[in-house]
Amino acid sequence: MIKKTKTIIVDSGRCSWGKCIFCSFSKKPNTQEASVERLKRGLDSALKEDIFELKYLNSGSFLDEKQIPKEFRNYFFEKCNSSGISEVVVECLPEHVNKNVLRDIKKRCKKVRVSFALGLEVADDKVLKKIMKSFDVKTYEKTVILLKKYGFGVRTYLMTNLPNVLEVKKSLEKSVDFALKKSDSVAIINTYPYGYSPLFSMWVERKWTPLDKNEFFDVCEKYKNNKKVELFFDDYLTYPKFPDFLKQKIVGATSECLNHAHFDVWQEYFERFYVVPSIKEYALFLPCAFRKPYSRSQTHKKILERLQGIASYKKIHQIMISTPGIIPRDFESKYPFESYDWPEWEETEKIKKEYIEVTKKRVKRYLLKHQYKKIFSYFKSESESFIALKDACAELKVPLITLLDEKMYKEIKHMNNGKTPNAILTQRRLLDSFVKVLRKNIDD
Ligand code: SF4
């Protein structure tokens, strides 16, 4: 059997420093305090597997006794030593590294090789100060010397594209060259803004922006075949998770709402980071609904009922177009897509025009990044969202298949004295035609 590397991430209370601007974990409310029993249970269960290397990450410092009680620390090293694991990596901060603790660990680890991971992030004191690290380059160097003196391995974490770094590639190269001389291995991590970190607010305020996958691998190109360097683009990369203190209700048919920073960050995410699930071959653009999440509205319930009756239902990517921009169905319950209202009765001609322009650009950028076999839509023909979608497709020269039967739609309006009846899109005749045309076009 091939022995493997296992990574355990444990919640062990707050880091003693807690100020690094890219760190969310140390600022989250309700972090779980470490309990010796819980930590022991987690370790025992992990060690039931056949492991070659164990990476034990506790966001902060394994040597901080407030995070990892001494009783568990001793248990951990003794257990790893006797369990047949060859390598163990734990994280630490220089302020918790001292001769006594290293001597003690060495005594308990005769067989297993222990390495300490140090988050240097960047070999530049000016940047370290600005990102609020607890130590400088000199302190890192002294810690490395001490660790090596006691026979421990050193792993160094570096981050690409930190704020206040002007030349990202040059800065990374300088840091990697430096770290490789001091460490057994180097991990380069893409800087990504997690919810409770100050960096997240910097992203929202457009003061900094993360690298996407291509940009990251371009910056790290030089190291892709270096056996001592590991690259982590998206280890924990995720959608924009707004912390509770930033959430708000965004209400109004105004330019401020339309161009709200919380919407823009999401649109950037969909354009640059989102990966469309591979099963979704067809895009179906749909209108939003006043009721949130949209799928609870009567209109969406009826549309969904019809869609679910199609054999190729799973291949259809439902994407709503609304004030925030484009919203794939899987995200409709996330903030702020369930926390905005655009009161149509407040709309002016000017804002309608702006809505079309802004939305067209958002749709265009999305479709430039994500390709589908076919693109469908089901909107009222006079709706601004539909006009924006139609214009975007025309400018991109991609065919748009409209699933609304225009003739039938006009007849229904005519029968209603030229007015659009409420929930017109859920009229049985229109829905029948919607499904029929869709089926025909996707060979259902
Ligand atoms: S990055 Fe590490 S040292 Fe900095 S605050 Fe977070 S847990 Fe603490």
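Scoring rules and cut-offs
Residues numbered from 1 in each chain as written. Predicted model: local features only at pLDDT ≥ 70, side-chain atom pairs only at ≥ 80, totals over all residues. Heavy atoms only, no water. Helix = DSSP H or I, 4+ residues; strand = E, 2+ residues; numbered from the N terminus. Buried < 20%, exposed > 50% of the residue type's maximum accessible area, 1.4 Å probe, protein only. Axes fitted to C-alpha atoms, helices over the stretch in contact; angles between N-to-C directions. Left-handed = near helix turned anticlockwise from the far one by under 90°. Contact = heavy atoms within 4.5 Å. Nonpolar A, V, L, I, M, F, W, Y, C, P; charged D, E, K, R; others polar. Core = buried A, V, L, I, M, F, W, Y, C linked by side-chain atoms within 4.5 Å. Domains from an automatic or database assignment. 1 Å grid on protein atoms, 1.4 Å probe; cavity = no way out; pocket = protein on both sides within 12 Å on 5 of 7 lines; lining within 4 Å. Points joined across faces, edges and corners; volume = space filled by probe spheres on them. Salt bridge = Lys/Arg side-chain N within 4 Å of Asp/Glu carboxyl O. Buried area = accessible area lost by both parts, 1.4 Å probe.

1. As for unusual backbone geometry
Comment: phi is negative for the bulk of residues other than glycine, and the bulk of peptide bonds are trans.
No. 1: Cis rather than trans, the peptide bond between Lys-292 and Pro-293 has omega equal to -15 degrees.
No. 2: Summarising the element assignment, Pro-293 is placed in the loop between strand E9 (282–287) and helix H11 (298–308).
No. 3: With a phi close to 70 degrees, Glu-121 is a non-glycine residue in the positive phi region.
No. 4: By secondary structure assignment, the location of Glu-121 is in strand E4 (residues 113–121).
No. 5: Take Glu-121: its relative accessible area is 6%, and that puts it in the buried class.
No. 6: Even without being a glycine, Lys-397 presents a positive backbone phi close to 60 degrees.
No. 7: Looking at the element boundaries, Lys-397 is found in the loop between helix H13 (384–396) and strand E14 (401–402).

2. Notes on the packing of H11 against helix H15 (residues 428–441)
No. 1: Closest axis-to-axis distance for the H11/H15 pair is 10 Å, and the angle between their directions is 40 degrees. As for the relative orientation of H11 and H15, their crossing is right-handed in sense. Only Arg-428, Leu-431, Asp-432, Phe-434, Val-435 and Leu-438 of H15 make contact with H11, whose side of the interface consists of Lys-302, Ile-303, Arg-306 and Leu-307.
No. 2: In the contact of H11 with H15, the residues fall into 6 nonpolar, no polar and 4 charged.

3. With respect to the nonpolar core
No. 1: Residues Leu-54, Tyr-56, Phe-76, Phe-116, Phe-285 and Tyr-378 are the most contacted members of the largest nonpolar core, which totals 137 residues.
No. 2: For this core, the element with the highest residue contribution is helix H12 (residues 349–369), accounting for 6 residues.
No. 3: Both domain 1 (4–232) and domain 2 (244–441) contribute no fewer than three residues apiece to this core.
No. 4: Apart from the residues within four sequence positions on either side, Phe-116 is in contact with Leu-63, Val-90, Cys-92, Leu-102, Ile-105, Leu-147, Phe-152, Gly-153, Val-154 and Arg-155.
No. 5: Residues Leu-57, Ala-117, Ala-187 and Phe-232 belong to the second largest nonpolar core, which totals 6 residues.

4. Re the layout of surface pockets
Leftover empty space is mapped by rolling, across the atoms, a probe with the size of a water molecule.
No. 1: A volume near 870 Å³ is recorded for the second largest pocket.
No. 2: Taken together, 31 residues line the second largest pocket, and the ones lying closest to its centre are Pro-287, Cys-288, Glu-344, Lys-380 and Ser-383.
No. 3: Looking at the lining of the second largest pocket, the elements with two or more residues in it are H11, strand E10 (316–322), strand E12 (340–341), H12 and H13.
No. 4: Looking at the lining of the second largest pocket, its residues break down into 14 nonpolar, 9 polar and 8 charged.

5. Describing the pattern of salt bridges
No. 1: Counted under the stated rule, the structure contains 37 salt bridges.
No. 2: A salt bridge links Glu-221 to Lys-224; the nearest nitrogen and oxygen atoms lie 3.2 Å apart.
No. 3: Taken together, the shared-partner salt bridges in this structure form one network comprising Arg-206, Asp-212, Glu-215, Glu-268 and Arg-272.

6. Quick notes on the domain arrangement of the protein
No. 1: You can read the domains of the protein as domain 1 (4–232) and domain 2 (244–441).
No. 2: The gap between the C-alpha centroids of domain 1 and domain 2 is 43 Å.
No. 3: Each partner contributes residues to the interface: domain 1 has 12 residues there, and domain 2 has 10 residues.
No. 4: Among the residues of domain 1 in contact with domain 2, Tyr-196, Trp-203 and Val-204 are the three that bury the most area, contributing 44% of the side total.
No. 5: At the junction of domain 1 with domain 2, the criterion picks out 3 salt bridges.

7. Side note on the packing of helix H2 (residues 70–82) against helix H3 (residues 99–108)
No. 1: Between H2 and H3, the least distance of the axes is 9 Å, while the angle of their chain directions is 35 degrees. Crossing handedness for the pair H2 and H3: right-handed. Residues Arg-73, Asn-74, Phe-77, Glu-78 and Asn-81 of H2 form the contact with H3, whose participating residues are Val-101, Asp-104, Ile-105 and Arg-108.
No. 2: Residue classes in the contact of H2 with H3 are distributed as 3 nonpolar, 2 polar and 4 charged.

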